[in-house]
Amino acid sequence: MTDLETRVAPPGLRGAAPALLGYAAVRALGLLVLAVWSTARDKSAYTLLTARWDSLWYTRVAELGYGYEVRLPNGDVHSNLAFFPLLPWLERLLHAVTPLSYADAGFVVSLLASLAAAWGIFAVADHVYGRRAGVCAVLLWAVLPVGIVQSMAYSESLFTALAAWSLYAVLTGRWLTAGTLALLAGLTRPVGLAVVAAVWAAGIASFPPHHGAPARRRAVGMVLAPLGAAGYVLWVGHHTGRGPLGYLDVQAGWRNGFDGGYAFARFVAEKFTSFPSALAGLGLVAGVALVIWLYVVCVQQRQPLPLLVYAGVVTALALCASSYFGSKPRLLLPAFPLLLPLAVALARLRTTGFALVVGGGAVASAVYGAVWLNGSGPP
């Protein structure tokens, strides 16, 4: 396993430039295709990116604060307390210091965060497998079918950026940085627990060979890591008067919870009761099998422990959530270590094969994203 106390300088812009330029090109293609497709359907691509679905909830928090809720006819209560605060805070800050609206601010934060995420993914992959694999990992993340979410005013890009750089800090022995970024990740999404778990697993695994200042920094980093998620969850419990588990009640109002995957398995099984929905069922089974297989390969390739813990927790939380089945690909977006085996294999291809794979993936991702957002879109 990588020596967690060996400090390595983060890759500079020059070293990461091929990955970032390639990432920007893929995302630009996705936005261009979305704009053309939306125009043909008499819709606004910008509205789809900034003022639909969760984007609206985040901007409402930024503008009005917490306390807004929607009561549905079936009795469900959708409260904006379900949305963690870091993205709305950044939207509010950017709105306060620029002429941008809250929606515009969310879009800018997402674009900048997606570049930071791509840089962080490159840093991790470069550290573990080398520069070419780092470039490949970033491009694979860019061409994921739901890659368009990286350009939406959602929190996935911000969270992935914080997670990737926290993991890089752990791998290079920067415990205070790792803990601080894990704290911020915990203020971004509930799955921030995955970053906390990675920091703690690495800290425990590296104990007790080092003493003095390194040990103190490690201990402080481990203490910092859970404060963001724990602080927000406890605040929600206090705010609602429901105690430490109040956030779970908020999620229950959205019919969201953790049931070990039972509801998702039943959802998939129901697809096989008719045709052509059975084809969708086969696709879901194949997708889940691919995710599990990639994780097994990660273990077999002996990825560093923090990456395995992080990817494992993100995957488990995504697949075992009891609701919003259509969101699962989006929820898996931050699990970039799953792409590293594919990145290593892609790095071995000749230039022509590499270009064909990435180019084909970019086009497919762009078309899928445009059709998806103009259709059902990400809930």
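Relevant structure appears above.
Caption draft 1: Fine view of the side chain of Ser157. Counting through the fold element by element, Ser157 comes out in helix H7 (residues 156–171). Looking at Ser157, the relative accessible area reads 1%, which means it is buried. Contact partners of Ser157, with chain neighbours within four places excluded, come to Ser110, Ala113, Ser114, Ala117, Val149 and Gln150.

Caption draft 2: Region of the structure containing the environment of Trp119. Assignment of secondary structure puts Trp119 in helix H5 (residues 102–129). Exposure remark for Trp119: the relative accessible area of 25% places this residue in the partly exposed category. Taking the C-alpha atoms as reference points, Trp119 and Tyr23, 96 residues apart in sequence, are found 9.5 Å from one another. Setting aside anything within four residues of it in sequence, one finds Trp119 in contact with Pro11, Gly12, Leu13, Ala16, Leu20 and Trp165.

Caption draft 3: Molecular detail of the pattern of salt bridges. Counted under the stated rule, the structure contains 5 salt bridges. Its salt-bridge partner being Arg330, residue Asp54 comes within 3.8 Å of it at the nearest N-O pair. Here Arg330 lies in helix H16 (residues 328–331) and Asp54 lies in helix H3 (residues 54–64), a separation of 276 residues in the sequence. Measuring nitrogen to oxygen at the nearest pair gives 3.1 Å for the salt bridge that ties Arg71 to Glu69.

Caption draft 4: Just helix H12 (residues 246–253), in detail. For H12, the complete set of buried residues consists of Gly246, Tyr247, Val250, Gln251 and Gly253. Within H12, the buried residues cover an arc of 155° as seen down the axis, which keeps them to one side. Phi turns positive one or two residues past the end of H12, at Arg255, with a value near 55°.

Caption draft 5: Examining helix H18 (residues 351–373) more closely. End to end, H18 covers 32 Å across 23 residues, agreeing with the expected 33 Å (1.5 Å per residue, within 8%). Regarding H18, the residues found buried are Phe354, Val358, Gly361, Ala362, Ser365, Ala366, Gly369, Ala370, Trp372 and Leu373. Those residues of H18 hidden inside the fold are in contact with helix H1 (13–40), helix H2 (45–50), helix H6 (131–142) and helix H17 (340–347).

Caption draft 6: Inspection of the packing of aromatic side chains at higher detail. This structure, assessed with the given rule, holds 17 aromatic pairs. Ring centres of Tyr232 and Tyr247 lie 6.3 Å apart, and the angle between their planes is 70°; this geometry places the pair in the edge-to-face category. Pair noted here: Tyr232 is in helix H11 (residues 227–240) and Tyr247 is in helix H12, with a separation of 15 residues, a long-range link. The two residues Tyr232 and Tyr247 agree in class, both being buried. Centroid distance Tyr310 to Phe336: 6.0 Å. Interplanar angle 45°. Geometry classified as tilted. Placement of Tyr310 in helix H15 (residues 305–319) and of Phe336 in the loop between H16 and H17 is noted, with a sequence separation of 26 residues between them. Pair check on accessibility: Tyr310 and Phe336 agree, each one buried. Through a chain of ring-to-ring contacts, three or more aromatic side chains come together here, namely Trp57, Tyr58, Tyr68, Phe83 and Trp254.

Caption draft 7: Broad picture of the layout of surface pockets. Within this model, the largest pocket holds a volume of roughly 1100 Å³. Lining the largest pocket are 39 residues, with Ala82, Pro190, Tyr247, Gln251 and Asn256 positioned closest to its centre. Within the residue set of the lining of the largest pocket, elements represented by two or more residues are H3, H11, H12, H15 and H16. Tallying contributions element by element places H11 first for the lining of the largest pocket, with 4 residues. Of the residues belonging to the lining of the largest pocket, the class tally is 28 nonpolar, 7 polar and 4 charged. Each pocket or cavity is described by its volume, and for the second largest pocket that value is around 810 Å³.

Caption draft 8: Summary view of the packing of H7 against helix H8 (residues 175–186). The contact between H7 and H8 brings their axes to 8 Å, and the two run at 160°. Classified by the angle between their axes, H7 and H8 sit roughly antiparallel to one another. For the pair H7 and H8, the sense of crossing is left-handed. Between H7 and H8, the residues in contact are Phe159, Leu162, Trp165, Ser166, Ala169 and Val170 and Trp175, Thr177, Ala178, Leu181, Ala182, Leu184 and Ala185, respectively. Grouping the constituent residues of the contact of H7 with H8 by class yields 11 nonpolar, 2 polar and no charged.

About the cut-offs
Residues numbered from 1 in each chain as written. Predicted model: local features only at pLDDT ≥ 70, side-chain atom pairs only at ≥ 80, totals over all residues. Heavy atoms only, no water. Helix = DSSP H or I, 4+ residues; strand = E, 2+ residues; numbered from the N terminus. Buried < 20%, exposed > 50% of the residue type's maximum accessible area, 1.4 Å probe, protein only. Contact = heavy atoms within 4.5 Å. Salt bridge = Lys/Arg side-chain N within 4 Å of Asp/Glu carboxyl O. Arc of directions from axis to C-beta. Expected span 1.5 Å × (residues − 1). Phe/Tyr/Trp six-rings, centres within 6.5 Å; stacked < 30°, edge-to-face > 60°. 1 Å grid on protein atoms, 1.4 Å probe; cavity = no way out; pocket = protein on both sides within 12 Å on 5 of 7 lines; lining within 4 Å. Points joined across faces, edges and corners; volume = space filled by probe spheres on them. Nonpolar A, V, L, I, M, F, W, Y, C, P; charged D, E, K, R; others polar. Axes fitted to C-alpha atoms, helices over the stretch in contact; angles between N-to-C directions. Parallel < 35°, antiparallel > 145°, perpendicular 65-115°, else oblique. Left-handed = near helix turned anticlockwise from the far one by under 90°.

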